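As a plain string of letters, each chain reads:
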Amino acid sequence: MDADHSRHARSPGGAPGSRAFTVEMRILCKQCGASLVGNLFEVDEGFTFDISEGAEVVPPRRFAFSKPESGCREPSVVVSLADAGMLGKPEGDPDRGYGCCGYTDTAGLNLTCGCGFDVGYECSDCTVPPMAYFPLTRIELKRSEESGGNKLSPAAS
Ligand SMILES: [Zn+2]
């Protein structure tokens, strides 16, 4: 019954090579400026939010701007749970939004910066699409510092 593994095509006839950002971005706490998540590239053009399969909504090391179909509670930057794993939980209320086996976004922000500012939502419960998202009012999205050259050189053997 659940054998439908159809995947959304990632390149719906767009011009070859047409992409969104190809620069690394990072997410900063709006209150203190600390880096929350780094080394993120925007998803490819044509990316679609698929919140139906229980699979990760956004792949690791990528980010996407929320859309109505992404189910975010406010306009946000969406990332993989893997990239939000180092963030803290609200002090004094670390169970905020805890569901049956993970967190949901139903009880307010549940990810915090080291400065104590609430910055985002972790959705890791089995009842919600796996992702983390950061409302644009809580964060700043900036380019990562350029660290000299690209990283496309093959690994030395
Ligand atoms: Zn902060």
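Predicted model only: the values in this text are computed from it and were never measured. (Residues numbered from 1 in each chain as written. Predicted model: local features only at pLDDT ≥ 70, side-chain atom pairs only at ≥ 80, totals over all residues.)

As for the sheet that holds strand 6 (residues 118–123)
Under the convention used in this document: Strands pair, by our definition, only if DSSP identifies at least two bridges between them. By the criteria applied, helices consist of DSSP H or I runs no shorter than four residues and strands consist of E runs no shorter than two, each listed in order from the N terminus.
The strand order across the open sheet built from 8 strands is 5-6-7-4-3-2-1-8, with neighbouring strands paired in mixed fashion. The strands lining the two open edges of the sheet, one partner per strand, are strand 5 (111–112) and strand 8 (139–143). With 2 bridges connecting them, strand 5 and strand 6 associate as antiparallel partners. Counted as the bridge partner of T112 is D118 from strand 6.

Some details on the confidence of the model for the protein
Our working rule: In predicted models, pLDDT denotes the confidence assigned by the predictor to each residue on a 0 to 100 scale. Here, residue contact means that the backbone-derived C-beta atoms of the two residues sit within 7 Å.
Chain-level statistics for the protein give a pLDDT mean of 84 and a share of 79% at 70 or above. A low-confidence stretch, residues 1–17 (pLDDT under 50), is modelled with 9 contacts involving residues beyond four sequence positions or located in other chains. Taken as a whole, residues 146–157 scores under 50 in pLDDT and shows 0 contacts with residues more than four places along the chain or in a different chain.

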